[in-house]
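Structural description and commentary
Single-letter residue listing:
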Amino acid sequence: MPTLAEKDIKTWLLENVKPDEFLEKDFKKSGILFEAVVPSGKIRETAAEFLAQGYFLESLTAVDFAECFEVVYHFNRWESPPKRCCVKILVPKEENKAPSISSIYKSANWFEREVYDLFGIHFTDHPNLKRILLPESSAIFPLLKSFKGEPAGSDVEQSLKLIEEDKEGFEIRYPQTITEHQKEYYLNLGPQHPSTHGVLRILLHLSGERVLDAEPIIGYAHRHHEKMMEIQTYQACWPNMGRLDYVGAMSYNFAYALLVEKAMGIQPSRRVEFIRVITTELNRITSHLLWLGTFLMDLGAFTPFFYCFDDRERILDILEMVTGERLTYDYFRFGGLDKDVPADFVPAVKAFIPHFKKRLRDYDLLITKNIIFQKRTKGVGVLSRENALAYGVTGPCLRASGVPFDLRRDEPYSIYPELDFDVAAAKDGDVFSRHLVRMQEMRESLKIVSQIIDKIPPGEITLGKLPKNVPKGETYTAVEGARGLFGMCLLSDGSLNPYRLKLRTPSFSNLNAMIDMVHGCFVSDVVSVLGSLDVVLPEIDR
Amino acid sequence: MEINPKELELMGKTQSPPPGLVNFFKVEDVFNLARAHSLWPLTFGLACCAIELMAGGAARFDMDRFGFGVVRPSPRQADLMIVAGTISRKMAPCIKTLYDQMPSPKYVIALGGCATAGGPFKYPGQYGILEGIDKIIPVNVYVPGCPPRPEALLAGILELQKQIIEGKAQGRTSPAVVHDSQDNRPAEHKNAISRAEFRKTT
Ligand code: SF4
């Protein structure tokens, strides 16, 4: 079946759309099956066909070239072997207009706003084309190559200006519509709110306690990672990887290492692969533990927070022993690691495994079987398969909706194909299922660690001196982070720094899907839905 | 009212207080002692450093030992703002609003490189962040690190306590534009390359 579908979309494209350019690609080297440049008038038709064939929109971005913009769409399917393909349209600079596909893919709504925000490309027929990451009154399109940076001191100037605007625009920013019965109103949640996990703002349209509509407003943690990476050398980008999703930073290290290794055509030693997988899985457990603690705290249970942080500290001790950092790891290197693991590493991990097994049982008894917890979470915030597809949801949130799609198994990288682990899945798609999936994932991660902790082979930790630049070309890599599919799309011009590096972060799409999950919920359920999505804001805003 | 310098020294003060009808030195000192030992921080995280702030509140580091564990979600009930993380320009107005909403006397700790001076996200010509929270609100204590360990945060709060007890916790803002000659990271903005050329060679 899978091969048939792939053929279908390819032949369909060649027959019906007649791409201007069509390139078959080597999946191993570039991360995509084929690349088609279609006429921009046909992109809506193309997207509709992709959706009909069960593809989700993995990422949508743009590249600024001297003569035109390239708008790049990556489509993918929930199956193995992976079916990622790349469709592009060219947008001439004078016109600066592209057709919007937001009526076909719901996830395109935010993606297109992001492209508009960073590149200034207008999407015709977009329902709500405004800035998403930068403040609304910004006048810059930062990812244009003609943008050469802001003058020194503009940060203070602009902040002061924004403070003024903020005062003036209070009524606009916090609209109060009072209807006849005064039942419908707007409630502003965030950006400073204890349960928005950082700096998310949600504008809720309510009728009494019921949510009619929710509009997440993001961008409060925008840290210009993508622009920064275009300026820094490849090596200097490592710290960025530790700070994108700081809760599960190892997976991001992994993705960046794989990306550049793929582009350079190098392969690390087996020892490196083993250590990478062990540290990443331990980090995945810390990430889920942090989620569990804070999620339960959002629901009003304070005790699990202390339990989870206690276990988390134990893992952090182990990772600190290896990397020297507690949180924002930049441990991986191209073709290797920063340093070898110390002698105490293996015994420390082995001591941790039985302890954590017992603790997982405790968590199940304390939380999963807790009737109050179940009442708060069962049947709340349901994400259907259709919506998961339309929004491009990935990670535990997708698996809780009955789709066992996990890149560690379905697009295997490193030594994952050799390992024995199950892909956790649940079928109801509600908050409780997402909890179950994450609990199961912690167990599976522990299983992976205990399988290979004794088998780390000897070998070299680095490959020695490597060239500082990456060969010209386009490469796509994706890994399964703690929150879902993290993709990186690199366009290298052969120089010392990336020409364009798109970061496809999972929480961006997952949070977008929240809009449809909270319809008809109570306000207190919004908190539980948001908590169950496990979003990390700086990763969304980048 | 002039005070004999000897007496001032005894009270740990170096300056005469502002002239007023009556000055209650001792009472003020007692107040400060109380303030220092019942700091109520505002729950407030911006980025990575906030996770270490949470770890500071959890079982191992236990901020509560020192009397600052009463973390308040509302600025109106808090008197200590721990700015933990990167301040994006979009967020800066909100932080200012939060600060203005806190009742006086209030104190600010800048936690981590970002809140202190922009941290790793600072480069010449950056467009997204505010390089240090002290550009818009006064700061009492800076805690360096990326992220600082929870112990460093504790040390920072203990330092703040000391300042408060000594009556020196006024905080300071930095001059608006600091010309930083130290920052020599290359900021080579690329020019656009031609697509046709790029496609030809790959
Ligand atoms: S100082 Fe470092 S750890 Fe803290 S918010 Fe900034 S980047 Fe994150």
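Residues numbered from 1 in each chain as written. Chains lettered and ligands numbered in written order. Predicted model: local features only at pLDDT ≥ 70, side-chain atom pairs only at ≥ 80, totals over all residues. Heavy atoms only, no water.

1. Remarks on the interface of chain A and chain B
- At the junction of the two partners, chain A supplies 80 residues and chain B supplies 63 residues.
- In total, chain A and chain B occlude about 6,000 Å² of area from one another, counting both sides; carbon and sulfur atoms represent 64% of this.
- Counting across the interface, chain A meets chain B through four salt bridges.
- Across the pair Glu-313 of chain A and Arg-60 of chain B runs a salt bridge whose closest N-O atoms are separated by 3.5 Å. (Contact = heavy atoms within 4.5 Å. Buried area = accessible area lost by both parts, 1.4 Å probe. Salt bridge = Lys/Arg side-chain N within 4 Å of Asp/Glu carboxyl O.)

2. Comments concerning the domain arrangement of chain A
Residues and elements named next belong to chain A.
- In terms of domains, chain A is made up of domain 1 (4-160) and domain 2 (247-505).
- Spacing between the C-alpha centres of domain 1 and domain 2 amounts to 27 Å.
- Listed per partner, the contact involves 38 residues of domain 1 and 27 residues of domain 2.
- For the domain 1 and domain 2 pair, buried surface summed over both sides reaches about 2,500 Å², with 59% attributable to carbon and sulfur atoms.
- At the boundary of domain 1 with domain 2, the tally comes to three salt bridges.
- Salt-bridge contacts for Lys-502 lead to Glu-114; the nearest nitrogen and oxygen are separated by 3.4 Å.
- Where domain 1 packs against domain 2, one counts 13 residue pairs in polar contact (both at pLDDT 80 or more).
- At the level of elements, α2 (27-30), β3 (55-64), β4 (68-77) and α4 (108-119) are the ones that each hand at least two residues to the side of domain 1 that touches domain 2.
- The element contributing the most residues to the side of domain 1 that touches domain 2 is β3, with ten residues.
- Residues belonging to the side of domain 1 that touches domain 2 are distributed by class as follows: 17 nonpolar, nine polar and twelve charged. (Domains from an automatic or database assignment. Polar contact = N/O pair within 3.5 Å; in protein donor to acceptor, adjacent residues only side chain to side chain. Helix = DSSP H or I, 4+ residues; strand = E, 2+ residues; numbered from the N terminus. Nonpolar A, V, L, I, M, F, W, Y, C, P; charged D, E, K, R; others polar.)

3. Notes on the sheet that holds strand β1 (residues 80-84) of chain B
Residue and element names in this part refer to chain B.
- Read from one edge to the other, the open sheet built from three strands follows the order β1-β2-β3, with strand pairing classed as parallel. The outermost strands of the open sheet, each flanked by one partner alone, are β1 and β3 (141-143). Between one strand and the next, the sheet's axes are offset by a mean angle of 20°, whatever the strand orientation.
- Bridge count between β1 and strand β2 (residues 107-111): five bridges; the pairing is parallel. Within the sheet, the bridge partner assigned to Met-81 lies in β2 and is Val-108.
- The strands that helix α6 (residues 150-165) touches are β1, β2 and β3; relative to β3, the one it contacts most, it runs at about 170°. (Pairing = 2+ DSSP bridges. Axes fitted to C-alpha atoms, helices over the stretch in contact; angles between N-to-C directions.)

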